[in-house]
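Breakdown of the fold
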There are 2 protein chains.
Amino acid sequence: MPPMDRGLPYMDLLSADELERLHDYSMQILEEIGIEFRDDEAIALWKASGADVTEQRVRIDRHLLMDLVAKAPESITVHARNPAKTVTLGGRRTIFTPAYGSPNVLDLEGKRRNSTIADFVNFAKLAYQAPAMHMTGGVLCEPMDVAVPKRHLHMNYSLIKYSDKAFMGAVTSKERAEDTVSMAKIVFGDEFVHDNTVTVSIANCNSPLVWDSTMLDAVKVYAASNQAILFTPFVLAGASTPASTIGAVAQLNAEALAGVAFAQVVRPGAPAIYGQWLATVSMKTGAPMAGTPEIDHMNMLVGQLARRYKLPWRCSGMCTSSKLVDAQAGYEAARNMYGVLIAGANFVLSTTGYLEGALTQSYSKFMLDAEQMVMFYKLGQGLVKSELDESLDAIRQSEPGGHYLGTAHTLKNFEQAFFVPDLMDHDSFEQWSFAGARDADTRGRDAAAKALREYQAPPLDEAIDEALLEFMKRKELLIGDAVL
Amino acid sequence: MPPMDRGLPYMDLLSADELERLHDYSMQILEEIGIEFRDDEAIALWKASGADVTEQRVRIDRHLLMDLVAKAPESITVHARNPAKTVTLGGRRTIFTPAYGSPNVLDLEGKRRNSTIADFVNFAKLAYQAPAMHMTGGVLCEPMDVAVPKRHLHMNYSLIKYSDKAFMGAVTSKERAEDTVSMAKIVFGDEFVHDNTVTVSIANCNSPLVWDSTMLDAVKVYAASNQAILFTPFVLAGASTPASTIGAVAQLNAEALAGVAFAQVVRPGAPAIYGQWLATVSMKTGAPMAGTPEIDHMNMLVGQLARRYKLPWRCSGMCTSSKLVDAQAGYEAARNMYGVLIAGANFVLSTTGYLEGALTQSYSKFMLDAEQMVMFYKLGQGLVKSELDESLDAIRQSEPGGHYLGTAHTLKNFEQAFFVPDLMDHDSFEQWSFAGARDADTRGRDAAAKALREYQAPPLDEAIDEALLEFMKRKELLIGDAVL
């Protein structure tokens, strides 16, 4: 399925005046309080661009900020090694990508354990096969059995090798970002990567109002290479932002815009995606929550702001705090994603497998979520409007008291008219019991095992494959015996 | 919580022209194909009102239809025996009610069995306690241990006795509808019931395009007594309607409007709620599905039509095909309800406990759903817009790199700013494991058991209680030894 072309209206909560007022508050934050860039090179770049800099504190005038933001592209094309899977996002176009960064998996037997590179490869294969998944993903799970200094090499290679969709890059250091760009150049060629976008990477803001040097190092590498960055305030609303929906959004808006603007300071026109990871915090435990009403309200505000700035924006989709693939996981993931969809996000991260506030990646939930995403895709596309006359004829033929099963109109239209999810069970209790009384979690695990058995690798040019392996070998020699 | 005052915009899919075109198709259905009223008295009433009648087929000119529909009130106040719990629905005001009619329960031990009057009483007690539940409900489950001819008496009594919220009436025969009105008169007084609405009852259309005599008998009783009716096409899209979202809506619109108009023929100004129970059908099994994207599209169309006609409208909320309180139940219920919410339904049935396409009522899911409905309520209310200045002050005080936990602004605002659901678990894996590793289903069952232990009956005037019991005794003597 190509990127989703939106047919649904946006759910906008603010009037034009109210939106300007919210924007104004974010401008006050950046002009008066300012934001910290904890990196000497970044500070030098901001000084040169005309911002008001005191030590690491950068105060950015709204005119300067808006001039810089205006240089960021409205839409971004991310090239895949299979050109048929190249995607464009922005405007009314949206893409879905997997969850990111969990150190644990809930495995094919439903057991929770540390994730490994074997799991990572498996999730790359599942992402490759998922129909409404537009990129293979990034840190599909943390391969805890591979030493950190070498980990990004194995992740990048697996993303490239086992899928032909576009992939996300490493951000945990300058060198790892550079390695990602180098590996992309092996796949796409140097010149192509200089002028085109082939990866998207995440830069998290340490809310409130701090961009740290690790993230800025990665941003500088990627922006200079024309690679896309998700400027992502990490919003624990009530902990890293004020305890107010609109106050939290005023702050994250300032943070994300400062990031987008910084990318333009590095390279005017650098592809930058505005947006956030967003949770409310439980006052009881301090833990992040998903699927709460205020998250949806905040996403709707962010969407409206992003459209005002003509920036593509991201959020996270099928999120949950649940430790299991249970009813909580279903409620929270569906609610959270529904809010993101109607708010109009262009890049939706975490659309599959997410459990425990991103600490665990589940094989079962990956499959269940992937199917739910096909339905969110169809929901977001909006209505098929063109078949009223045919329907009226069908009603005429059926007459009062008749039925429509088996009629010519039904046989012709059914499949496209109504989606039937495979992993949701619609059988009677008796049929379902006879077939083994499997719950959704079990069906998800069975589906994952089946998909992995049936997986067939997409072709990869042998010379490219060898060059990637050669690059990794050379790097690993340089890195030496790294500690886990 | 009073009826929800909507702050969210409506999700409207059609332009004004497209909406008129859809309306026109429904008018063509009623003018050219017509609709059957399988009841002599109804046919006589339609003839007298000027409709074109051939045997049981009634063809209704659009002017006549719209004149009748215009007599139905835009909003309806349903009185509860506790005046503080009287509710008004219509316009931007919405109420939530429980699931309806399941012959089975998934009990407090998670076992599926036939439901009993003891279960019915339990669900009345739970509905009484649920904060975002605006009526006690109707057939909370079918008490299979009470003979059908007497069943409605025991259901009505339990709804009145164990809760002081408004209740729904029996519709399975003329006599049972009359008994409901009689029992309401015992509670509210004859005169009050003649002029005010104290019950809401469901009349299902046998789609396509048939209103049968059982339903029409109940409609005549209730409309004549100024009691509200939900005119509910039972939409199995693809089976009882054409295999087309917009075609299905054209048909159900004709069916529902014909019902609303008929109530006005019986008594001009009779409170009538437009709307439907809506599922798409699995082509694999013929079974109804919930939480599919086309259901949401159809609900959005229905909402737009209802607003065009200035009628309050109903739909069903937390629906699922699942046999268990598992991830499927969570996904489907949340998606289905989210669609209903943004489509703007005024009366949402089946907001708690619904499993298996309404064949089973679950104690666990009742509790989980009830909490989800509090969140849907808050979502639907929309944004709290008034606290930007305070938030900016909080950001100023926190400064970059700070945090907001424990600040004065947070302590003051947290509880109202961010809802924390009790039955969703946000603990760490370790805390959750230590506390027993309970899944959502187990937590729901535990919560139901606790709520039933803690239940305290609302006061009921002793004379009214005795009169109700006396009425039932007299009726039961007349009915005699009924067969189950």
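Just so it is clear, the structure is predicted and the values come from calculations on it, not from any experiment. (Residues numbered from 1 in each chain as written. Chains lettered and ligands numbered in written order. Predicted model: local features only at pLDDT ≥ 70, side-chain atom pairs only at ≥ 80, totals over all residues. Heavy atoms only, no water.)

Per the secondary structure count, chain A includes 17 helices and 21 strands. The C-alpha atoms of chain A give 23 Å as radius of gyration, which agrees with the globular expectation for 484 residues (23 Å, within 12%). Along the first, second and third principal axes, the C-alpha set of chain A runs to 75 × 60 × 50 Å. Expressed as a percentage of the 484 residues in chain A, the buried residues total 64%. Look at the contacts in chain A between residues 6 or more apart in sequence, and 76% of them connect residues 24 or more apart. (Helix = DSSP H or I, 4+ residues; strand = E, 2+ residues; numbered from the N terminus. Rg over C-alpha atoms; globule rule 2.2 N^0.38 Å. Buried < 20%, exposed > 50% of the residue type's maximum accessible area, 1.4 Å probe, protein only. Contact = heavy atoms within 4.5 Å.)

A word on unusual backbone geometry. Residues and elements named next belong to chain A. Backbone torsion omega between Ser207 and Pro208 reads 0 degrees, so that peptide bond is classified as cis. By secondary structure assignment, the location of Pro208 is in the loop between strand S12 (199-205) and strand S13 (210-211). One non-glycine residue, Glu55, adopts positive backbone phi at about 50 degrees. Mapped onto the elements of the fold, Glu55 is located in the loop between strand S3 (52-54) and strand S4 (57-59). Judged by its relative accessible area of 72%, Glu55 is exposed.

This next bit is on the interface of chain A and chain B. With 122 residues of chain A at the contact, the number on the chain B side is 122 residues. Regarding the contact of chain A and chain B, the summed buried area is about 10300 Å², with carbon and sulfur atoms giving 68% of it. The tally of links from chain A across to chain B stands at eight salt bridges. Put simply, Glu32 of chain B and Arg396 of chain A hold a salt bridge, and the shortest N to O gap is 2.8 Å. At the surface where chain A touches chain B, the tally comes to 36 residue pairs in polar contact (both at pLDDT 80 or more). The leading source of residues in the side of chain A that touches chain B is helix H11 (residues 327-343) of chain A, at 11 residues. For the side of chain A that touches chain B, a count of residues per class yields 60 nonpolar, 32 polar and 30 charged. (Buried area = accessible area lost by both parts, 1.4 Å probe. Salt bridge = Lys/Arg side-chain N within 4 Å of Asp/Glu carboxyl O. Polar contact = N/O pair within 3.5 Å; in protein donor to acceptor, adjacent residues only side chain to side chain. Nonpolar A, V, L, I, M, F, W, Y, C, P; charged D, E, K, R; others polar.)

With that settled, consider the sheet that holds strand S20 (residues 354-355) of chain B. Note on sheets: strands pair through backbone hydrogen bonds, and any given pair is parallel or antiparallel. All names here are of chain B. With mixed pairing, the four strands of this open sheet are ordered in space as S9-S8-S21-S20. In the strand order of this sheet, the two ends are held by strand S9 (112-114) and S20, each with one partner. Relative to strand S21 (residues 360-362), strand S8 (residues 104-106) runs parallel, the two sharing three bridges. Looking across to S21, one finds that Asn104 is bridged to Thr360. Docked against the sheet, helix H12 (residues 363-381) engages S8, S20 and S21, running at close to 65 degrees with respect to S21. (Pairing = 2+ DSSP bridges. Axes fitted to C-alpha atoms, helices over the stretch in contact; angles between N-to-C directions.)

This next bit is on the packing of helix H13 (residues 388-398) of chain A against helix H1 (residues 16-33) of chain B. Orientation of H13 of chain A relative to H1 of chain B, taken along the N-to-C sense of each, is 20 degrees, at an axis distance of 11 Å. When the interaxial angle is binned, H13 of chain A and H1 of chain B end up roughly parallel. The way H13 of chain A lies across H1 of chain B gives a crossing that is right-handed. Contacts between H13 of chain A and H1 of chain B pair Leu388, Asp389, Leu392, Ile395 and Arg396 of chain A from the former with Arg21, Leu22, Tyr25, Gln28, Ile29, Glu32 and Ile33 of chain B from the latter. Residues that form the contact of H13 of chain A with H1 of chain B fall into these classes: seven nonpolar, one polar and four charged. (Parallel < 35°, antiparallel > 145°, perpendicular 65-115°, else oblique. Left-handed = near helix turned anticlockwise from the far one by under 90°.)

The next subject is the pairing of strand S18 (residues 313-316) of chain B. All names here are of chain B. With burial as the criterion, each face of S18 is covered, one bearing Trp313 and Cys315 and the other bearing Arg314 and Ser316. For strand S15 (residues 272-275) and S18, the ladder comprises two bridges, and the chain directions are parallel. Following the sheet pairing, Tyr274 is matched in S18 by Trp313. Relative to strand S19 (residues 347-349), S18 runs parallel, the two sharing three bridges. Looking at the pairing, Arg314 lines up with Phe347 of S19. Regarding topology, helix H11 (residues 327-343) serves as the crossover connection from S18 to the parallel S19, and that connection is right-handed. (Right-handed = clockwise from strand over helix to strand, strands pointing away.)

Quick look at the domain arrangement of chain A now. When the domains of chain A are assigned, the result is domain 1 (4-13 + 69-381) and domain 2 (387-417). Between domain 1 of chain A and domain 2 of chain A, the C-alpha centre-to-centre distance is 42 Å. (Domains from an automatic or database assignment.)

Before going further, it helps to examine helix H3 (residues 62-71) of chain A. Residue and element names in this part refer to chain A. The set of residues buried in H3 consists of Leu64, Leu65, Leu68 and Val69. Taken down its axis, H3 places every buried residue within 130 degrees of arc, on the same side. H3 presents His63, Asp67 and Ala70 as exposed residues on the side facing more than 90 degrees away from its buried surface. A side-chain oxygen of the first residue of H3 lies 2.8 Å from the backbone nitrogen of His63; this N-cap is Asp61. (Arc of directions from axis to C-beta.)

Once that is clear, we can look at the relation of the copies chain A and chain B. Note on the identical chains: chain A maps onto chain B by a rotation of 180 degrees and an axial translation of 0.0 Å, with an RMSD of 0.0 Å. Such a combination of turn and shift is consistent with a two-fold rotation axis. Comparing contact sets, 100% of the residues at the interface of chain A also lie at the interface in chain B, consistent with an isologous, same-surface contact. (Least-squares fit on C-alpha atoms with pLDDT ≥ 70 in both.)

Per the counting criterion, the structure on display carries 54 salt bridges over all chains. A salt bridge links Glu36 of chain A to Arg38 of chain A; the nearest nitrogen and oxygen atoms lie 2.9 Å apart. Taking the relative accessible area as the measure of exposure, Glu36 of chain A reaches 13% and is therefore buried. Residues Asp425 of chain A and Lys323 of chain B are paired through a salt bridge, measuring 2.8 Å at the closest nitrogen-oxygen approach. Of the two residues, Asp425 of chain A is situated in the loop between helix H14 (408-417) and helix H15 (429-434) and Lys323 of chain B in the loop between S18 and H11; the pairing between them involves two chains. Of the two residues, Asp425 of chain A and Lys323 of chain B, neither departs from the other in class, the shared state being buried.

This part covers the environment of Pro271 of chain A. Residues and elements named next belong to chain A. Looking at where Pro271 falls in the secondary structure, it is placed in the loop between helix H9 (245-266) and strand S15 (272-275). Each C-alpha atom, one on Pro271 and one on Ser225, is 10.0 Å from the other, the two residues being 46 residues apart in sequence. Sequence-distant contacts of Pro271, defined by excluding residues within four places in its chain, comprise Pro73, Ile76, Thr197, Asn226, Gln227, Ala228 and Ile229.

On to the sheet that holds strand S8 (residues 104-106) of chain A. All names here are of chain A. What the four strands build is an open sheet, ordered S9-S8-S21-S20; its pairing is mixed. Every other strand in the sheet has two partners, leaving strand S9 (112-114) and strand S20 (354-355) as the edge strands with one partner each. As paired strands, S8 and S9 are joined by three bridges and run antiparallel to one another. Considered in S9, the bridge of Asn104 is made with Asn114. In this fold helix H12 (residues 363-381) packs onto S8, S20 and strand S21 (360-362), with an angle of close to 65 degrees to the strand it touches most, S21.

On to the packing of H12 of chain A against helix H16 (residues 440-454) of chain A. Residues and elements named next belong to chain A. As a packed pair, H12 and H16 sit with axes 7 Å apart at the nearest point and diverge in direction by 90 degrees. Overall, the two elements H12 and H16 adopt an arrangement that is roughly perpendicular. Touching Tyr363, Ser364, Met367 and Leu368 of H12 are Ala440, Asp441, Gly444, Arg445, Ala447, Ala448, Ala451 and Leu452, all from H16. For the contact of H12 with H16, the residue count by class is eight nonpolar, two polar and two charged.

For the coordinates displayed, the defined rule picks out 29 aromatic pairs over all chains. Ring centres 5.7 Å apart and planes at 75 degrees place the aromatic pair Trp211 of chain B and Phe231 of chain B in the edge-to-face group. Placement of Trp211 of chain B in strand S13 (residues 210-211) and of Phe231 of chain B in strand S14 (residues 228-237) is noted, with a sequence separation of 20 residues between them. Owing to a relative accessible area of 0%, Trp211 of chain B belongs among the buried residues under this scheme. Aromatic pair Phe234 of chain B and Trp277 of chain B: ring centres 4.4 Å apart, planes at 10 degrees, arrangement stacked. Of the two residues, Phe234 of chain B is situated in strand S14 and Trp277 of chain B in strand S16 (residues 277-281); the sequence distance between them amounts to 43 residues. Three or more aromatic residues joined by ring pairs form one cluster here, namely Tyr338 and Phe376 of chain A together with Tyr338 and Phe376 of chain B. The ring of Phe429 of chain B is capped by Arg112 of chain A, whose NZ or CZ atom sits 3.8 Å from the centre of that ring. Seen from the ring of Phe376 of chain B, Arg335 of chain A lies directly overhead, with NZ or CZ sitting 3.6 Å from the centre. (Phe/Tyr/Trp six-rings, centres within 6.5 Å; stacked < 30°, edge-to-face > 60°. Lys NZ or Arg CZ within 6 Å of the ring centre and 35° of its normal.)

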